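# Coordinate inspection notes
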Amino acid sequence: MKLFTAEQVYAADKFTIEKQNITSDELMERAAIQLFNWLHLRMQGAQVKIHLFCGIGNNGGDGLALARHLQDHGYNIEVYVVNYSKKRSKDFLTNLERLKERKIWPNFLEEGSEWPPIKEEEIIVDAIFGIGLNRAPDEWVGNLFEHLESTKAFVLAVDIPSGLFTESVPKREKDVLKANYTLSFQVPKLVFFLPQTGKYTVQWEVLDIGLDKQFLFETDTDYSLIGKNEILPFYRPREKYSHKGTYGHSLIIGGSYGKMGAVQLAARSCLRVGSGLVTVYIPKCGYIPLQTAIPEAMVITDNEDSHISEIELSIEPTAVGLGVGMGTKEGTSEAIANFLKDYKRPVVVDADALNLIAQHKDLLKYLPGQAVLTPHPKELERLIGSWKDDFDKLEKAKVFSDKHDCVLVIKGAHTIIIYKNKGYVNTTGNPGMATGGTGDVLTGMITGLIAQGYEPLQAALLGVYLHGRSGDITVENTGYQALLATDVIEGIGPAFLDLFKVEEKVSAEEDGNE
Ligand SMILES: NC(=O)C1=CN([C@@H]2O[C@H](COP(=O)(O)OP(=O)(O)OC[C@H]3O[C@@H](n4cnc5c(N)ncnc54)[C@H](OP(=O)(O)O)[C@@H]3O)[C@@H](O)[C@H]2O)[C@@H](O)CC1
Ligand SMILES: [K+]
């Protein structure tokens, strides 16, 4: 799913109005009906009080129109206009008139107004600012946000939490009204997925307001959301007349005394994603544990007992996963540097190998084209330097990826994959996966996918998606706390099978989207 900028949404809006020969008021009405259907389906006429806070632009207009539908269906509502500007939009005014015709008189809130009392069990609809926000809200509006949050009532945001910009990070937390749920029109927003801004909404959902499909299809975006629909088109089925050689030979290079587990995890997950053969290159101390733990893997040992000191290969791997559990001993760094200078095939670089490259940036020029780098935030900072905020980070990552022709897998709650000027935001995974070894599993998976012939970028997308999906499937049995990296490997099979499951849709919601 594409992630559009506010500018692109306004353009889609305009295009749709012209092509479908409708007025902007009719489009707002569609949006309001979708909002109403969503609420009505869940509330079924319950008399819980709904407090609708509306701004003076089109976001506010959506709120007023929703209030009208709620009133028409007998809901218990209270409407407020947050009067932060005199410049009211046309469709806001139209909907204000329609409320007045029904004898609904909103409370106008201004600087110095007394804030309305709201009970914890009641509902707040936030239609104060939408994607038209272009500066921080006034102090008094921020104070209102604080008051609304302090009531602990459920906050349902219309389109986007008020105070949240679409393309930058707010300066202060109190300038945004945190939402429990956001109903985003047509498409989600990139800010729902970034570490600094994702916290402003607990959950989100998209409401289809019928913006022109062709326009949306043809408009190119810098970012997209990666889910099953994006993965399936490049999935490669296993073929009948194939053999283990068809699916590549992966080599995992890593391990040191006390960190052999990382290699085990990477090698096992590499096998689980379907690599035809897997060999590990490790220091001698890991020989017996590796051979015992993973009978399917072959082992080549270094001359050193406790760390890697030189990488001499007697095999020709299809893809290499480099760095897991490797440590930063002097001899190891040299071995990696020498290895990279000669090696020309696809590579996935992780952990200590990333840190080594960060320390010796000249090594970057030896990386083969489209090398996949899998940094967590600290490792990323060592590679690309510090950043002002999440947007600056993404821009720097794009420049880095373009300059060095590498795929950056920025690990986080929503892992973002950057290749050149595009970003791909992953949707799978959960907090249970914040545990030792899950990164090693990911490295093994991406390596194994490249070995089978996936392009490095595709391997990164598929690997990250399956890794998270496996975690999501597994966590249902373990809960967040008990989830281990090993469990994520065991979930890879079910995650593959899940790719082909067709999701059942809630029929009432489908109806609402007509
Ligand atoms: N295509 C779609 O998806 C559809 C979208 N729809 C809805 O429209 C919403 C966008 O509406 P919108 O453009 O009127 O902007 P909105 O966010 O209501 O702000 C209002 C005005 O406030 C101003 N302003 C900005 N910052 C400020 C500040 N800090 N303090 C004070 N004032 C400030 C600024 O005007 P300015 O003063 O800069 O001239 C701005 O124009 C969208 O989120 C969705 O809910 C639907 O109706 C159907 C179709
Ligand atoms: K809003």
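Provided above is the structure to which this section pertains.
A quick note: this is a predicted structure, and the numbers were derived from the prediction, not measured.

## Side note on the coordination of the potassium ion (ligand 2)
Every protein donor of the potassium ion (ligand 2) is listed here as Asn59 (OD1), Asp126 (O), Phe129 (O), Val158 (O), Ile160 (O) and Ser162 (OG), and their distances to the metal cover 2.6 to 3.1 Å. With six donor atoms in place around the potassium ion (ligand 2) and angles of 66 to 175 degrees between them, the coordination shape is irregular. Read in sequence order, the donor residues coordinating the potassium ion (ligand 2) give the pattern N-x66-D-x2-F-x28-V-x1-I-x1-S. You can see Asn59 sitting in helix H3 (residues 58-72) and its partner Val158 sitting in strand S6 (residues 154-158), a full 99 residues away along the chain. We note that Asn59, like Val158, is buried.

## Some points on the packing of aromatic side chains
Centre distance and the angle of the planes are the two values used to describe a pair of aromatic rings. Applying the stated criterion across every chain yields a total of 13 aromatic pairs. Relative to Tyr343, the ring of Phe339 has its centre 4.9 Å away and its plane inclined at 20 degrees; by these criteria the two rings are stacked. Its relative accessible area of 6% is what places Phe339 among the buried residues. An aromatic cluster is defined as three or more aromatic residues linked by ring pairs; in this entry it consists of Phe192, Phe193 and Trp204. Sitting above the plane of the Trp38 ring, Arg42 keeps its charged end 4.0 Å from the centroid. In this arrangement the basic side chain of Arg236 is found over the ring face of Tyr454, its NZ or CZ atom lying 5.5 Å from the centre.

## Focus on the packing of helix H12 (residues 377-384) against helix H13 (residues 390-404)
Two elements in contact, H12 and H13, have axes whose closest approach is 11 Å; the angle formed by their N-to-C orientations is 60 degrees. Relative to H13, the element H12 lies oblique. Considering the relative orientation of H12 and H13, their crossing is left-handed. For the pair H12 and H13, the contacting residues are Leu380, Leu383 and Ile384 in the first and Lys393, Lys396, Ala397 and Phe400 in the second. Each residue belonging to the contact of H12 with H13 can be placed in one class, and the counts come to five nonpolar, no polar and two charged.

## Comments concerning unusual backbone geometry
Not every positive phi belongs to a glycine, and Asp159 is a case in point at roughly 75 degrees. With respect to the element layout, Asp159 can be found in the loop between S6 and strand S7 (179-185). A relative accessible area of 8% places Asp159 in the buried class. With a phi angle near 50 degrees, Ala351 is a residue other than glycine that sits in the positive phi range. Mapped onto the secondary structure, Ala351 falls in helix H11 (residues 351-359).

## Details of the sheet that holds strand S18 (residues 422-426)
With mixed pairing, the 11 strands of this open sheet are ordered in space as S1-S9-S18-S17-S16-S15-S14-S13-S10-S11-S12. Of all strands in the sheet, those with a lone pairing partner are strand S1 (2-3) and strand S12 (298-301), marking the two edges. In this structure, strand S9 (residues 223-226) lies alongside S18, joined through four bridges in parallel fashion. Residue pairing across strands places Leu225 opposite Val425, the latter belonging to S18. Lying over the sheet, helix H14 (residues 438-451) contacts strand S10 (249-253), strand S13 (319-322), strand S14 (347-349), strand S15 (371-373) and strand S16 (406-410), oriented at roughly 150 degrees with respect to S10.

Scoring rules and cut-offs
In this numbering scheme, every chain counts its residues from 1 along its sequence in written order. Each chain gets a letter, beginning with A, and each ligand a number, beginning with 1, in the order they are written. For this predicted model, a pLDDT threshold of at least 70 governs which residues receive local features, and a threshold of 80 or more governs which side-chain atom pairs are given and counted, while totals over whole chains, interfaces and linings are taken from all residues. The basis for the side-chain values is all heavy atoms of the structure; hydrogens and waters are excluded. In this analysis a donor is any N, O or S atom within 2.8 Å of a metal ion (3.2 Å for sodium, potassium and calcium), and since water is not included, sites may seem incomplete. Four donors are marked tetrahedral only if all angles between them lie between 85 and 135 degrees, whereas four are marked square planar and six octahedral if opposite donors are more than 155 degrees apart and the other angles lie between 65 and 115; the remainder are marked irregular. In this text, helices come from DSSP runs of H or I with a minimum length of four residues, and strands from runs of E with a minimum of two, each type numbered from the N-terminal end. Throughout this description, buried means an accessible area under 20% of the type-specific maximum (1.4 Å probe, protein chains only), exposed means over 50%, and partly exposed covers the range between. Each Phe, Tyr or Trp ring (for Trp, its six-membered ring) is paired with any other whose centre lies within 6.5 Å, and the angle between the two planes then decides the class: stacked below 30 degrees, edge-to-face above 60, tilted in between. Two conditions define a charge sitting above a ring: the NZ of Lys or the CZ of Arg must be within 6 Å of the ring centre, and it must be within 35 degrees of the ring normal. What counts as an axis is a line fitted to C-alpha atoms, over the stretch in contact for a helix, and the angles between N-to-C directions run from 0 to 180 degrees. For classification purposes, an angle smaller than 35 degrees is called roughly parallel, one larger than 145 roughly antiparallel, one from 65 to 115 roughly perpendicular, and anything else oblique. Crossing handedness follows the turn of the near helix against the far one: under a right angle anticlockwise gives a left-handed crossing, and clockwise gives a right-handed one. Residues are treated as being in contact if the distance between any of their heavy atoms lies within 4.5 Å. Any residue outside Ala, Val, Leu, Ile, Met, Phe, Trp, Tyr, Cys, Pro, Asp, Glu, Lys and Arg is labelled polar, Gly included; the first ten of those are nonpolar and the last four are charged. At least two bridges found by DSSP between two strands is the condition for calling them paired.

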